[in-house]
Amino acid sequence: MMHKLRTRKLFILFNVVLLVIASDGLVLAHDSESLSPRLTPRLQELLRKEMQFIDEASQNILTALVAGSDAQVATLAQQIHDSFILRQSMTPEDKNHLVTVAPEGFVQRDRDFHQVAAELAAAARTGNRALQHQQFGRMIEACSTCHALYASDRFSGFSE
Ligand code: HEC
């Protein structure tokens, strides 16, 4: 039983990795412009908090996916969609600052990412496993693509 679970988990991970490799996750390094150094310390802190939250939630989603816990996947994906810690805790001054310093593409990618999380939650609510796997793959792809573009200072794997 455990062995079977581990094999499935590995299989899904393998597919996610393939998807990322096959996708536009391979962004050219010279396109990158790291966001964090341009932010105020307060915004840096908010962004990291949101990232740590979605990092944990997405790992828990993988565990729930391979256990067939649709309800758990739905809850976690919805939490990611609703997170927006960044926006929720932002003052009007913070927002102005972010809009001024963040590249246009960043804001759009952030929006798309939260949209994919909503679609994953919806797939989980209908119990459609194949669609959940697909949306989860898209979500992980959105993480790494954004990091390659806007966080290569933080993730050196994307800086070469
Ligand atoms: C729209 C862009 C974007 C998306 C999408 C995104 N990230 Fe990030 N992430 C960033 C940026 C920018 C940083 C760098 C923050 C810094 O260095 O202060 C970061 C940093 C992180 C960190 C490091 C936090 C720390 O404590 O330094 C983790 C972990 C992380 N992201 C996980 C994820 C995961 C998992 C996903 C997808 C489920 C994801 N991110 C999606 C932009 C994004």
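1. Some details on the nonpolar core
Next up, step 1: Counting residues in hydrophobic clusters, the biggest one holds 20 residues, and the most contacted among them are Ile61, Val73, Ile80, Leu120, Phe136 and Met139.
Next up, step 2: When residues of this core are traced back to their parent elements, those giving at least two are α2 (41-66), α3 (70-83), α6 (104-125) and α7 (129-150).
Next up, step 3: Top contributing element to this core by residue count: α2, with 7 residues.
Next up, step 4: Aside from chain neighbours lying at most four places away, what touches Leu120 is Ile61, Val73, Ala77, Gln132, Gln135, Phe136 and Met139.
Next up, step 5: One finds Leu39, Leu43, Leu47 and Met90 within the second-largest nonpolar core, a separate group that totals 13 residues.

2. Looking at the confidence of the model for the protein
Next up, step 1: Mean pLDDT over the protein stands at 86; residues scoring 70 or higher make up 81%.
Next up, step 2: Taken element by element, the protein is modelled with least confidence in helix α1 (residues 2-22), mean pLDDT 63, and with most confidence in α7, mean pLDDT 97.
Next up, step 3: Confidence drops under pLDDT 50 across residues 24-31; counting only partners more than four residues distant or on other chains, this segment forms 13 contacts.

3. Focus on the side chain of Asp70
Next up, step 1: Structurally, the position occupied by Asp70 is in helix α3.
Next up, step 2: Polar side-chain contacts of Asp70 include one of 3.2 Å to the side chain of Gln132.
Next up, step 3: Once residues lying within four places of it in the same chain are set aside, the contact partners of Asp70 are Ala124, Gly127, Arg129 and Gln132.

4. Things to note about the site of the ligand
Next up, step 1: Close to the ligand lie 20 residues, the nearest being Met51, Gln52, Cys143, Cys146 and His147.
Next up, step 2: Here an oxygen atom of the ligand and a side-chain polar atom of Ser36 are 2.7 Å apart.
Next up, step 3: The side chain of Arg154 places a nitrogen or oxygen atom 2.9 Å from an oxygen atom of the ligand.
Next up, step 4: In terms of residue count, the dominant contributor to the shell around the ligand is α2 (7 residues).
Next up, step 5: Looking at the shell around the ligand, its residues break down into 11 nonpolar, 4 polar and 5 charged.

5. Quick look at the pattern of salt bridges
Next up, step 1: Applying the stated criterion across every chain yields a total of 5 salt bridges.
Next up, step 2: A salt bridge links Asp94 to Arg42, with the shortest nitrogen-to-oxygen separation between them at 2.6 Å. Remark: Arg42 occurs in helix α2 and Asp94 occurs in helix α5 (residues 92-101); sequence separation between them is 52 residues.
Next up, step 3: The salt bridge partner of Arg129 is Asp70, with a shortest N-O separation of 3.0 Å. Placement of the pair is Arg129 in helix α7 and Asp70 in helix α3, with a sequence separation of 59 residues.

What counts, and at which threshold
- Residues numbered from 1 in each chain as written.
- Predicted model: local features only at pLDDT ≥ 70, side-chain atom pairs only at ≥ 80, totals over all residues.
- Heavy atoms only, no water.
- Core = buried A, V, L, I, M, F, W, Y, C linked by side-chain atoms within 4.5 Å.
- Buried < 20%, exposed > 50% of the residue type's maximum accessible area, 1.4 Å probe, protein only.
- Helix = DSSP H or I, 4+ residues; strand = E, 2+ residues; numbered from the N terminus.
- Contact = heavy atoms within 4.5 Å.
- pLDDT = per-residue confidence, 0-100.
- Polar contact = N/O pair within 3.5 Å; in protein donor to acceptor, adjacent residues only side chain to side chain.
- Near = heavy atom within 4 Å.
- Nonpolar A, V, L, I, M, F, W, Y, C, P; charged D, E, K, R; others polar.
- Salt bridge = Lys/Arg side-chain N within 4 Å of Asp/Glu carboxyl O.

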